[in-house]
Amino acid sequence: MECGSYQLIKKSSECGARLGKVYTTRGIIDTPVFMPVGTQGTVKGVAIEFLRGSGAQIILANSYHLYLRPGTEVIKKAGGIQKFNSWNSPMLTDSGGFQVFSLRNIRKINEDGVEFQSHIDGSKHFFSPEKSVQVQKDIGADITMCFDECTPYPADYGYAKSSMELSLKWAERCKKEFYKDDSYKTQSLFGIIQGSVYNDLRVRSTMEMLNIGFTGYAMGGLSIGEPKKDMHSVLESILPVIPENKARYLMGVGMPEDLWEGVERGIDMFDCVIPTRNGRNGQVFTSLGKINIRNAEFKEDFSPLDPDCGCPVCTGYSKAYLNHLVRARETLYLSLLSLHNIYFMINLTLKMRKSLENSTFIKSKKEFFEKYYSRDRLSED
RNA sequence: GGGGGUGUGGCAGAGUGGUCUAAUGCACCAGACUGUAAAUCUGGCGGGCUUGCCCUUCGGUGGUUCAAAUCCAUCCGCCCCCA
């Protein structure tokens, strides 16, 4: 099977949800899948052994960040990112396109590419589509992404249109660069659909991307501040256009509720920093809703984070103890809360896949939400 | 016994006649975080309500003044030096 190719196993009869597999050089990924983000080649605060234990199937890394440090030479010498970080399993690299968005005050964008001023030492670096592809080849992830502009929100129609068109031009160049040698035998390249919240732009972007032709298709520029209904509407306009035999990846999403909504509409892959970043900030996802473990109400709560979770954190530590670790700024909490949150997201996708096997997706979604929001309802009373 | 200093909000610590409910930090109470410049950021932190104002606060008491955390007297507490 070609790296990055998608196999549809089962389609939901109730909605757009699908059960499937993505084939990669380093393993087969069951979808829907949640991919933890490890920007610098490490999922912050989580050791590889624990990450593996969580059931994570594939993790992300970031081209821009790894290019700056430690540099692609080191990673090449190590034998690729999967050897460098000992993960030895499927990985995906983002192209640097998100940094075009997140570092927009220290970069200059033009037709040819983007000049970044390093956030580390201020030095200047030029990322073109070709450069991004080369970097991603050197890093060696199983799935690579086109270099794009993650269009900021809000963007007026004119900006969204030209930004989307720029990403299209860059996508063509990425593809050309990618297929220059035989990396395609071990790596794959996904296209990224842009167009902000304008459905006509999104559909055009999708059709043009399909025209160029990629192994998989990602939706970018979402969950960056736009109303949820806009994201849903964008998904609903794009997804029917993409052929069934291609993986659909919703980039940078998200919250548990976003995964349900995305999968329901036909998304196969997600990635997000939320489990780790929010974990580091004390926010914990549980089947009964999200909580901030630093809050006073948990000071003497000796129960586990989530009664329904069997992760090492829920098995071995109480809320009161974790509350203490956070207050005392003992660094252990960074790892423990990140790990639990990753387990939560991974288990969530596991639950979704099971429900798709049993054709009970909508029912499971409803049950999840009822429980997940029960805390909010209680506090409203 | 003599001399000097000091007492400010939960803590540390600015302020030394009006612009003071009193800087700042910590602690405390919440909130945010979505292809990671994030172990970060934001807000709150005397009481009351009609949200603009009222009341109560700078060791205690008494005074000076139109006005006192700020000046004076006195009491109480703490610290340092000498004996």
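Residues numbered from 1 in each chain as written. Chains lettered and ligands numbered in written order. Predicted model: local features only at pLDDT ≥ 70, side-chain atom pairs only at ≥ 80, totals over all residues. Heavy atoms only, no water.

Colleague: Teacher, can you tell me more about the packing of helix α10 (residues 256-265) against helix α15 (residues 361-372) here?
Modeller: Think of two packed helices as two axes; the pair is described by the angle between the axes and how far apart they sit. Relative to each other, α10 and α15 sit at 165°, their axes nearing to 11 Å. Here α10 is positioned roughly antiparallel relative to α15, judged by the angle of their axes. When the axes of α10 and α15 are compared, the crossing they make is left-handed. From α10, P256, E257, W260, E261, V263 and E264 reach across to α15, where they touch F361, I362, S364, K365, F368, F369 and Y372. Among the residues making up the contact of α10 with α15, the classes are represented as eight nonpolar, one polar and four charged. (Axes fitted to C-alpha atoms, helices over the stretch in contact; angles between N-to-C directions. Helix = DSSP H or I, 4+ residues; strand = E, 2+ residues; numbered from the N terminus. Parallel < 35°, antiparallel > 145°, perpendicular 65-115°, else oblique. Left-handed = near helix turned anticlockwise from the far one by under 90°. Contact = heavy atoms within 4.5 Å. Nonpolar A, V, L, I, M, F, W, Y, C, P; charged D, E, K, R; others polar.)

Colleague: How should a positive patch on the surface be read in this particular structure?
Modeller: A surface patch of positive charge is lined by R294, K299, R327 and R329. Residue position: K299 is located in the loop between β16 (289-292) and α12 (312-316). (Patch = residues over 30% accessible without salt bridge, like charges linked within 9 Å, V, L, I, M, F, W, Y side chains within 5 Å. Areas by Shrake-Rupley, 256 points an atom, 1.4 Å probe, with all protein chains shown as cover. Salt bridge = Lys/Arg side-chain N within 4 Å of Asp/Glu carboxyl O. Lys, Arg positive; Asp, Glu negative; His and termini not counted. Charge placed at Lys NZ, Arg CZ, Asp CG, Glu CD.)

Colleague: Honestly, the nonpolar core in this entry has me stumped. Any pointers?
Modeller: The nonpolar side chains of a soluble globular protein tend to be buried with one another. Judged by nonpolar contacts, the single largest core of 93 residues is most densely connected at L51, M219 and I293. No other element matches the 12 residues that helix α14 (residues 332-357) contributes to this core. The residue makeup of this core includes at least three contributed by each of domain 1 (6-272) and domain 2 (282-380). Ignoring anything within four residues of it in the chain, the contact list for M219 reads I192, I193, L235, I238, L239, I242, R248, Y249, L250, M251 and I267. (Core = buried A, V, L, I, M, F, W, Y, C linked by side-chain atoms within 4.5 Å. Buried < 20%, exposed > 50% of the residue type's maximum accessible area, 1.4 Å probe, protein only. Domains from an automatic or database assignment.)

Colleague: Can you help me understand unusual backbone geometry in this one?
Modeller: Leaving glycine out, the prevailing phi sign among residues is negative, and the prevailing peptide bond configuration is trans. Geometrically, the link from T31 to P32 is a cis peptide bond, its omega value of 5° lying close to zero. Tracing the chain through its elements places P32 in the loop between β3 (27-31) and β4 (33-36). Geometrically, the link from Y153 to P154 is a cis peptide bond, its omega value of 0° lying close to zero. Among the secondary structure elements, P154 is positioned in the loop between β10 (143-145) and α7 (157-178). With phi around 55°, S223 is a residue other than glycine that occupies positive phi space. Within the fold, S223 resides in the loop between β12 (216-219) and α9 (228-238). One non-glycine residue, S359, lies in the positive phi region at around 55°. Within the fold, S359 resides in the loop between α14 and α15.

Colleague: Can you walk me through the sheet that holds strand β8 (residues 114-117) in this structure?
Modeller: Strands belonging to one sheet form pairs held by backbone hydrogen bonds; the direction of such a pair is parallel or antiparallel. Reading across the sheet, the three strands line up as β7-β8-β9 and stay open at both edges, with antiparallel pairing between neighbours. In the strand order of this sheet, the two ends are held by β7 (107-109) and β9 (124-127), each with one partner. In this sheet, neighbouring strand axes are inclined to one another by 15° on average, regardless of whether the strands run parallel or antiparallel. (Pairing = 2+ DSSP bridges.)

Colleague: I would appreciate a short explanation of the packing of aromatic side chains in the present structure.
Modeller: Any two aromatic rings considered together are summarised by their centre-to-centre distance and by the angle between their planes. Per the stated rule, a full pass over the model turns up 20 aromatic pairs. Note on Y157 and Y198: the rings are 5.1 Å apart at their centroids and 70° apart in plane angle, and the pair reads as edge-to-face. Here Y198 lies in the loop between β11 (188-193) and α8 (199-212) and Y157 lies in helix α7, a separation of 41 residues in the sequence. Look at Y157 and you get partly exposed, because its relative accessible area is 36%. (Phe/Tyr/Trp six-rings, centres within 6.5 Å; stacked < 30°, edge-to-face > 60°.)

Colleague: Please explain the environment of V100 as it appears in this structure.
Modeller: Residue placement: V100 occurs in helix α5 (residues 97-102). Using a relative accessible area of 0% as the deciding quantity, one classes V100 as buried. V100 sits 123 residues away from S223 along the chain, and the two C-alpha atoms are 16 Å apart. Setting aside anything within four residues of it in sequence, one finds V100 in contact with R107, I109, V114, F116, F147, D148 and E149.

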